[in-house]
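# Analysis of the macromolecular model
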Amino acid sequence: QVQLVESGGGLVQPGGSLRLSCAASGSIFNINAMGWYRQAPGKQRELVAVATSGGSTNYADSVKGRFTISRDNAKNTVYLQMNSLKPEDTAVYYCNADVLPGGTWRYLDAWGQGTLVTVSS
C-alpha cells in the first residue's frame, strides 16, 4: 500500500503565503514525477506544478513566478511554496505521484486526499 498525505492548507489573505507538503509512505521502490493539482468549486481538476526525480519542473501559467515546487527525494516528499496568493487560487489541492511499489514492476498513479486552500480577506 502506498499513501500520500498532504498538509499545510488553510485560510490566508490575498497576497499571503502558504506551504503545502506531501509525504509518500508505504512500500516504495521508486518515485518518478511528483506534483500538485487543484480543483476549484465547479471546475475541473488542473495541474499546478510537477517535479521529476531528476529535478525538472513545470508550472501552470497561472502560477508561474508565484509558486515553487520542490522535492526531498530521500524523504519521498514534495512541497509547494505558494506566494502572492490570489482569491482565484482557492481550491482543494491534491498531491500526485508516479510510484513504483516495492516488489512490483508497474508504476501506480497515487493521489492524496486533498487539502483546502482558501484565499480570502
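Throughout what follows, the structure given in this document is the object of discussion. (Residues numbered from 1 in each chain as written. Predicted model: local features only at pLDDT ≥ 70, side-chain atom pairs only at ≥ 80, totals over all residues. Heavy atoms only, no water.)

## Some words on the overall build of the chain
- Secondary structure assignment for the chain yields zero helices and eleven strands.
- Scaling as 2.2 N^0.38, a compact globule of 121 residues should have a C-alpha radius of gyration of about 14 Å, and the chain matches this with 14 Å.
- Here the chain holds 121 residues, and 40% of them are scored as buried.
- Residue pairs at least 24 apart in sequence account for 56% of intrachain contacts in the chain once pairs closer than 6 positions are excluded.
- Approximately 6500 Å² of the chain is accessible, and the part contributed by carbon and sulfur atoms is 48%.
- Measuring between centres, the 10 positive side-chain charges of the chain sit 2 Å from its 8 negative side-chain charges. (Helix = DSSP H or I, 4+ residues; strand = E, 2+ residues; numbered from the N terminus. Rg over C-alpha atoms; globule rule 2.2 N^0.38 Å. Buried < 20%, exposed > 50% of the residue type's maximum accessible area, 1.4 Å probe, protein only. Contact = heavy atoms within 4.5 Å. Areas by Shrake-Rupley, 256 points an atom, 1.4 Å probe, with all protein chains shown as cover. Lys, Arg positive; Asp, Glu negative; His and termini not counted. Charge placed at Lys NZ, Arg CZ, Asp CG, Glu CD.)

## Some remarks on the sheet that holds strand 3 (residues 18-26)
- Reading across from one edge, 1-3-8-7 is the order of the four strands in this open sheet, with antiparallel pairing throughout. Lying at the two open borders of the sheet, with one neighbouring strand each, are strand 1 (2-7) and strand 7 (67-72). Going across the sheet, the axis of each strand differs from the next one's by a mean of 15 degrees, ignoring polarity.
- Where strand 1 meets strand 3, six bridges bridge the pair, whose relative direction is antiparallel. Following the sheet pairing, valine 2 is matched in strand 3 by glycine 26. (Pairing = 2+ DSSP bridges. Axes fitted to C-alpha atoms, helices over the stretch in contact; angles between N-to-C directions.)

## Focus: the packing of aromatic side chains
- Scanning the model with the defined rule gives one aromatic pair in all.
- The ring centre of tyrosine 94 lies 3.8 Å from the NZ or CZ of arginine 45, which sits over that ring.
- A cation over a ring is seen here: arginine 45 above tryptophan 111, with NZ or CZ 4.7 Å from the ring centre. (Phe/Tyr/Trp six-rings, centres within 6.5 Å; stacked < 30°, edge-to-face > 60°. Lys NZ or Arg CZ within 6 Å of the ring centre and 35° of its normal.)

## Structural notes on the pairing of strand 4 (residues 28-39)
- With nine bridges joining them, strand 4 and strand 9 (residues 91-101) adopt antiparallel strand pairing. If you follow arginine 38 over to strand 9, its bridge partner there is tyrosine 93.
- Note: strand 4 against strand 5 (residues 46-51), five bridges, orientation antiparallel. Looking at the pairing, glycine 35 lines up with valine 50 of strand 5.

## Thoughts on the pairing of strand 5
- In textbook terms, the turn of a hairpin is the stretch between consecutive antiparallel strands, and for strand 4 and strand 5 this stretch comprises six residues, one of which, glycine 42, has a positive phi near 75 degrees.
- Summarising the sheet, strand 5 and strand 6 (residues 57-59) pair through three bridges and their orientation is antiparallel. When the sheet's bridge partners are listed, alanine 49 is paired in strand 6 with tyrosine 59.
- Connecting strand 5 to the antiparallel partner strand 6 that follows it, the hairpin turn spans five residues, and glycine 55 within it adopts a positive phi of roughly 105 degrees.

## What to know about the environment of valine 119
- Among the secondary structure elements, valine 119 is positioned in strand 11 (residues 115-119).
- Taking the C-alpha atoms as reference points, valine 119 and valine 5, 114 residues apart in sequence, are found 22 Å from one another.
- Not counting residues within four places of it along the chain, the set of residues in contact with valine 119 comprises Val12, Gln13, Pro14, Leu85, Lys86, Pro87, Asp89 and Thr90.

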